[in-house]
Number of protein chains: 2
Amino acid sequence: MTLVTDPVAVQSRRTDRSGWDSGGSPAAVVLAESVPEVQAVLREANRDGTPVVTRGAGTGLAGAAAGTQGCVILDVSRMNRIREIVPADELAIVEPGVITAELDHAAAPYGLTYAPDPASAAMSTIGGNIATNAGGLRCAKYGVTRQAVLGLDVVLADGTLLKVGRRTVKGVAGYDLTGLFTGSEGTLGVIVGATLRLRPIPAATATLAACFDDIATAARAAAAITAAHLTPAMAELLDRATLDAVGMGVHRAALGVHGAGASGGGGDVYGAGAGALLLVQTDGLAAEQEASAVERVLAPLASSVRRASTAAEAESLLAARRGALPSLERLGRPLIEDIAVPRSRLGEAADAVAAISAETGVPVFTIAHAADGNLHPIIVTDGSPASADAAWEAAGRIFALALRLGGTVTGEHGIGVLKRRWLAEELGIESLGLQHKIKRVFDPNGILNPGKAI
Amino acid sequence: MTLVTDPVAVQSRRTDRSGWDSGGSPAAVVLAESVPEVQAVLREANRDGTPVVTRGAGTGLAGAAAGTQGCVILDVSRMNRIREIVPADELAIVEPGVITAELDHAAAPYGLTYAPDPASAAMSTIGGNIATNAGGLRCAKYGVTRQAVLGLDVVLADGTLLKVGRRTVKGVAGYDLTGLFTGSEGTLGVIVGATLRLRPIPAATATLAACFDDIATAARAAAAITAAHLTPAMAELLDRATLDAVGMGVHRAALGVHGAGASGGGGDVYGAGAGALLLVQTDGLAAEQEASAVERVLAPLASSVRRASTAAEAESLLAARRGALPSLERLGRPLIEDIAVPRSRLGEAADAVAAISAETGVPVFTIAHAADGNLHPIIVTDGSPASADAAWEAAGRIFALALRLGGTVTGEHGIGVLKRRWLAEELGIESLGLQHKIKRVFDPNGILNPGKAI
């Protein structure tokens, strides 16, 4: 166990990628390297009533991993071993600090993949993914993190090590505590190990990029894919504002104004000038056949459809998606929202987000996991307090929109601190009350990430 | 609300398909027809401390729906409306008494299917499926009931109506109460509505039947399918004893000794005389291609492989599986066990079950969902107390085996009353203690199906 005292190292662990800052000073930052160390920290904290904020890579987008006044920040990123990969059972046993993409790479030689792929996969940890029940680009076909978690090792508030779930694919003995811990954002226990389901790497993939005059038409096209009973592995939607920002990024990168931007082609590849871009990937033995079916569905609605004929071309088609966030980060400080609506209301939601942007004058860039109805309206601020206030005003309207359309204020990022205000409205007082009672069962002294998630 | 007083009707609701009988006399049997009626029953029961045992079709196999002394049996089977099918969102909103297969039939005209397909689908209800987190034949590819449940309406012990989950595919606001209720066997609340995910009907299916000299070889073949990174929709394994029973059923049916038996072909179809039969179904656009790949994997290990060329032939290949339980019911009273082991240990488990049968002299017939590692060793008794005792002795050894192999005592049927003895051993005292505390959060007076599930 290492106590972090270097002010820069402490400072870097005070917040997460949301940038939310409690203003308080953590009492200590601890780097745990083993389960007994985590147990020791919790036993002591529980005795003293010290809040414990667990963190992995700190890539969370809702403030759940941000330190608060007097807390111990428990950093488990050094517990990063892949303990076992069992190809015959298609599972892996890992520590919480394993980087998500590294697990996927480690599984690849066995022909296996770890399906959940949050956009942060190259940086985020498995523990954090489980704590937020992270989603990603392939959820519509392969499900979210919960569907990949077979079992967990969890240290409870009093330091007890609990094992829940199993190594089997199925099992219904007792209540689903594995599911309860998944997505609980560090408020019920500290995840110190996970048994994860792997899947075969798809035999093939096929990639399409379709441009549309506007986002409403693109959303209709995404709905038409569903209506045609096709199940792409990925269906990413980018609106005009995002495409323009990516285009500008490419342009500026080409001019050497900033470091690497989105690359790999001209305007027709990343969709600059289009009203919206829909990127679709199919996979499996019938990937090409399914892509052709998708193409037939998109063609009547799209202004253009391109299909990759090589892996390199597929990568260049995906460049706009990969380049989106870096491009927006060049424009200012992005606040990434995360609403989900019933899939059929995606177009309505995207249009309403654009209207909110127009009415409030706040720039909003929308990316969506179209097959999931999960929109990421990204609000870019200039970092000033006035800009932040305006952003939260717009965000509030976006959350209200999500609830009005029968959706949720968070599809995959979590509640953290930033969305707690809207939680009672979404869940109802009864449900929220039960959640607080469950919290007290696991954490009677309220030391685990207090003030977060529920 | 109807109070059932007819002794035959009361008697028929005192137990479930496990046949377990508490010996006690229920105080009343109530047929509820609406949510307010369920609320009224619970409010009153909660005030009086009366146990409430909820039931749908009574097809449970672990005694969870069996009535106990002084309880109210709350039958929700008349709450059986499909309220909404929303093709654009691929979801259905249903009451708990809807028969599982009927939902699937209702979705079919929209090109959609309800994927969970417990063998009881033609009789069991959605509410019961959710209460046990039922599995079925297509789980390896499509997941268990939990993966199909987006949201629930639940009446709590005090009569409060709670809504959990959502209509969106994704959502991570708050703890996963939907998952907590799923599989809780009526001990946390009464499910009065469900929002369920539908999926496109696969574009095609292909069916194979492979015979093997013994079950160990068949299990190796199933493992080889996994190792080849193929994901069949179904992989059902039947052992020699079961095949002989099915064969006898066909023979006796042909002689008119009993009603309809397994039908549709001669010995080569249902596998009579073989040491084991593996039935594999692939589906999707590449169903035929995937079936060919499966065939190539099976051929070196199998004594024969047959592939259906028509739907009728596929049905006749599946006849052995469909005929298994009816055939065993002709031999005596089947006690259907339900262990799951890590997939790689399927063959070891099947061999050990056969050894337990040989050692104890208790006839055990094994069917398995091979791709899930989920075995159903079926013990057939003659109904006498001595035979039942011997059956439970063998079952106890089978449960110990499952735990020794890193598995579970119940893959998909639930704990009910019949497996409670083994629960602490599987879950550990800590985990079980937490479950009891969670139970008290939801049901402080302990009226909901006391003595069951945990």
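Structural data are supplied above this passage.
Residues numbered from 1 in each chain as written. Chains lettered and ligands numbered in written order. Predicted model: local features only at pLDDT ≥ 70, side-chain atom pairs only at ≥ 80, totals over all residues. Heavy atoms only, no water.

Trainee: Explain the relation of the copies chain A and chain B here, please?
Mentor: Two copies of a chain can be linked by a rotation about an axis combined with a shift along that same axis. Rotating chain A by 180° and translating it 0.0 Å along the rotation axis places it on chain B, where the RMSD comes to 0.0 Å. In short, the pair behaves as if placed about a two-fold rotation axis. Taking C-alpha positions as the reference, the residue of chain A nearest the rotation axis is A:Ala286, at 2.6 Å. Most of the interface of chain A is mirrored in chain B: 99% of its interface residues are interface residues there too. (Least-squares fit on C-alpha atoms with pLDDT ≥ 70 in both. Contact = heavy atoms within 4.5 Å.)

Trainee: What is the right way to read the sheet that holds strand β8 (residues 149-155) of chain B from this model?
Mentor: Two strands in a sheet stick together by hydrogen bonds in their backbones, pointing the same way (parallel) or opposite ways (antiparallel). Residues and elements named next belong to chain B. In space, the five strands of this open sheet follow the order β5-β6-β10-β8-β9, with antiparallel pairing throughout. This sheet does not close on itself; its edge strands, each paired only once, are β5 (82-86) and β9 (161-165). Across the sheet, the mean angle from the axis of one strand to that of its neighbour is 15°, orientation sign disregarded. Pairing of β8 with strand β10 (residues 190-197), which is carried by six bridges, proceeds in the antiparallel orientation. In the sheet register, Val-155 faces β10, and the bridge partner there is Val-190. Running at roughly 40° to β5, helix α3 (residues 100-107) makes contact with β5, β6 (91-94) and β10 of the sheet. (Pairing = 2+ DSSP bridges. Helix = DSSP H or I, 4+ residues; strand = E, 2+ residues; numbered from the N terminus. Axes fitted to C-alpha atoms, helices over the stretch in contact; angles between N-to-C directions.)

Trainee: What is the right way to look at the packing of aromatic side chains in this model?
Mentor: Each pair of aromatic rings is reported with the distance of its centres and the angle of its planes. All names here are of chain B. As enumerated under the stated definition, the model contains four aromatic pairs over all chains in all. A centroid spacing of 4.6 Å and a plane angle of 65° characterise the contact between Phe-399 and Trp-422, whose relative ring orientation is edge-to-face. Within this pair, whereas Phe-399 is found in helix α14 (residues 385-404), its partner Trp-422 is found in the loop between α14 and α15 (423-427), the two being separated by 23 residues in sequence. Taking the relative accessible area as the measure of exposure, Phe-399 reaches 0% and is therefore buried. (Phe/Tyr/Trp six-rings, centres within 6.5 Å; stacked < 30°, edge-to-face > 60°. Buried < 20%, exposed > 50% of the residue type's maximum accessible area, 1.4 Å probe, protein only.)

Trainee: Help me out: how do you make sense of the side chain of A:His413 in this one?
Mentor: Among the secondary structure elements, A:His413 is positioned in the loop between α14 (385-404) and α15 (423-427). Given the relative accessible area of 15%, A:His413 is considered buried. Apart from the residues within four sequence positions on either side, A:His413 is in contact with A:Leu61, A:Ala62, A:Thr132, A:Ile336, A:Glu337, A:Asp338, A:His376, A:Lys419 and B:Val172.

Trainee: What is the right way to read the sheet that holds strand β3 (residues 52-55) of chain A from this model?
Mentor: All names here are of chain A. Strand order in the open sheet formed by four strands is β1-β2-β4-β3, with mixed pairing between adjacent strands. Two strands lie at the open edges of the sheet, namely β1 (2-4) and β3, each paired on one side alone. On average, adjacent strands in this sheet sit at an angle of 25° to one another, irrespective of strand direction. Relative to the sheet, helix α2 (residues 35-48) contacts β2 (28-31), β3 and β4 (72-75), its axis offset from that of β4 by approximately 165°.

Trainee: Looking at this structure, I do not really get the interface of chain A and chain B. What am I missing?
Mentor: The parts lose accessible area when they come together, and the size of an interface is often stated as this lost area. With 76 residues of chain A at the contact, the number on the chain B side is 75 residues. For the pair chain A and chain B, the summed buried surface comes to about 6,000 Å²; carbon and sulfur atoms form 62% of the total. The largest per-residue losses of area from chain A upon contact with chain B belong to A:Lys170, A:Val172 and A:Tyr175, which jointly make up 16% of the total buried on that side. One can count eight salt bridges joining chain A with chain B. In this structure, B:Glu90 and A:Arg343 form a salt bridge, with 3.3 Å as the shortest nitrogen-oxygen distance. At the junction of chain A with chain B, the criterion picks out 24 residue pairs in polar contact (both at pLDDT 80 or more). For the side of chain A that touches chain B, the leading source of residues is helix α16 (residues 429-442) of chain A, giving nine residues. Taken together, the residues that form the side of chain A that touches chain B break down as 31 nonpolar, 29 polar and 16 charged. (Buried area = accessible area lost by both parts, 1.4 Å probe. Salt bridge = Lys/Arg side-chain N within 4 Å of Asp/Glu carboxyl O. Polar contact = N/O pair within 3.5 Å; in protein donor to acceptor, adjacent residues only side chain to side chain. Nonpolar A, V, L, I, M, F, W, Y, C, P; charged D, E, K, R; others polar.)

Trainee: Help me understand helix α10 (residues 287-298) of chain B, please; the structure alone is not making it clear to me.
Mentor: Residues and elements named next belong to chain B. In a regular helix each residue adds 1.5 Å, so 12 residues correspond to 16 Å; α10 covers 16 Å between its end C-alpha atoms and thus fits that length. For α10, the set of buried residues is Ala-287, Glu-290, Ala-291, Ala-293, Val-294, Val-297 and Leu-298. Across the axial projection of α10, the buried residues extend over an arc of 160°, all falling on one side. Residues of α10 that are buried make contact with β12 (205-212), α7 (215-227), β14 (276-283) and β15 (304-307). (Expected span 1.5 Å × (residues − 1). Arc of directions from axis to C-beta.)

Trainee: What is the right way to read unusual backbone geometry from this model?
Mentor: Although it is not a glycine, A:Glu90 adopts a positive phi angle of roughly 50°. Take A:Glu90: it is sitting in the loop between β5 (82-86) and β6 (91-94). A residue is classified by how much of its surface remains accessible, and A:Glu90, at 5% relative accessible area, is buried. For B:His229, which is not a glycine, the phi torsion comes out positive at approximately 60°. Along the polypeptide, B:His229 turns up in the loop between α7 and β13 (234-239).

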